[in-house]
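In case you want the letters, here they are:
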Amino acid sequence: MTRVGVLASGNGTNLQALIDALNREGSSVQVAVTICNVPGAKALARAQQAGVATELLPSKGVTDRTAYDAQLVGLLHKHRIDLVCLAGYMRLLTPGFLQAFPNQVLNIHPSLLPAFPGMHAIRQALEAGVKVTGCTVHFVDEGTDTGPIIAQTAVPVLDGDDENKLAERIHHQEHRLYPAVVSKLAAEPFSIQGRRVMTQGAF
Ligand code: GRF
């Protein structure tokens, strides 16, 4: 059994997609805990509704990121977590955290990285006039959306798109891609060569 810990700060639609796809009878991969840094975030309610354990570790006003992340690691160990998935988690992770989970921390981002890293990827894609954008699942490193890329799905930018319309179509693809990647990484060997992640087959 691969026990997944999800870190979320907001709405949690990707958390929901992971739970819906993975937390089924007989599944060998399960979301075992959701840790949230924002009190009242919808992600917490989603996890509770699904019967997934939750932990709240408020980060507002926290300046010692190393100590905060050590607490996070402690919570993940308490829940015997093998794989960490960021799902709209709005904080950078410290080296200490990443050393505790080497090649075991994933993130999903709403662009075709390395284009448009950071908080405003969808708006920036529209402003840049690209005809294709998408979503990326990648390993997390200390940078902002800079870790090795695991899988991507392209999403066309259509005439008449605004941020909401494009976001909706990207989120739809995120909700398919993220659980597929998590299932595959948990079940099959992969290797990282330089910045390239080698998996067996497509997603
Ligand atoms: C997603 O677009 C994800 O790519 C980005 O943050 C957003 C989170 O949305 N990292 P949600 O909270 O999963 O609905």
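### As for the packing of helix H1 (residues 13–22) against helix H2 (residues 42–49)
Where H1 meets H2, the axes come as close as 9 Å, and the angle between the chain directions of the two elements is 15 degrees. Between H1 and H2, the angle is such that the two are roughly parallel. Remark: the crossing between H1 and H2 carries right-handed chirality. Where H1 abuts H2, its residues Thr-13, Leu-15, Gln-16 and Ile-19 lie against Ala-43, Arg-46 and Ala-47. Its residues assigned to classes, the contact of H1 with H2 shows four nonpolar, two polar and one charged.

### Overview of the pairing of strand S6 (residues 132–139)
Of all the eight residues making up S6, seven are buried; the element is thus mostly covered by neighbouring parts of the structure. Pairing geometry for strand S5 (residues 105–109) and S6, over four bridges, is antiparallel. In the strand pairing of S6, His-109 is matched with Thr-136. Sheet topology places S6 next to strand S7 (residues 149–156); seven bridges connect them, and they run antiparallel. Among the inter-strand pairings, Cys-135 is bridged to a residue of S7, identified as Thr-153.

### Structural notes on the side chain of Glu-174
Mapping Glu-174 onto the fold places it in helix H6 (residues 163–187). For the buried residue Glu-174, which engages in no salt bridge, the nearest side chain bearing the opposite charge is Arg-46, 11 Å off. Residues in contact with Glu-174, not counting those within four places in the same chain, are Asn-14, Ile-108, His-109, Pro-110, Cys-135 and Pro-179.

Rules and cut-offs
Residues numbered from 1 in each chain as written. Predicted model: local features only at pLDDT ≥ 70, side-chain atom pairs only at ≥ 80, totals over all residues. Heavy atoms only, no water. Axes fitted to C-alpha atoms, helices over the stretch in contact; angles between N-to-C directions. Helix = DSSP H or I, 4+ residues; strand = E, 2+ residues; numbered from the N terminus. Parallel < 35°, antiparallel > 145°, perpendicular 65-115°, else oblique. Left-handed = near helix turned anticlockwise from the far one by under 90°. Contact = heavy atoms within 4.5 Å. Nonpolar A, V, L, I, M, F, W, Y, C, P; charged D, E, K, R; others polar. Buried < 20%, exposed > 50% of the residue type's maximum accessible area, 1.4 Å probe, protein only. Pairing = 2+ DSSP bridges. Lys, Arg positive; Asp, Glu negative; His and termini not counted. Salt bridge = Lys/Arg side-chain N within 4 Å of Asp/Glu carboxyl O.

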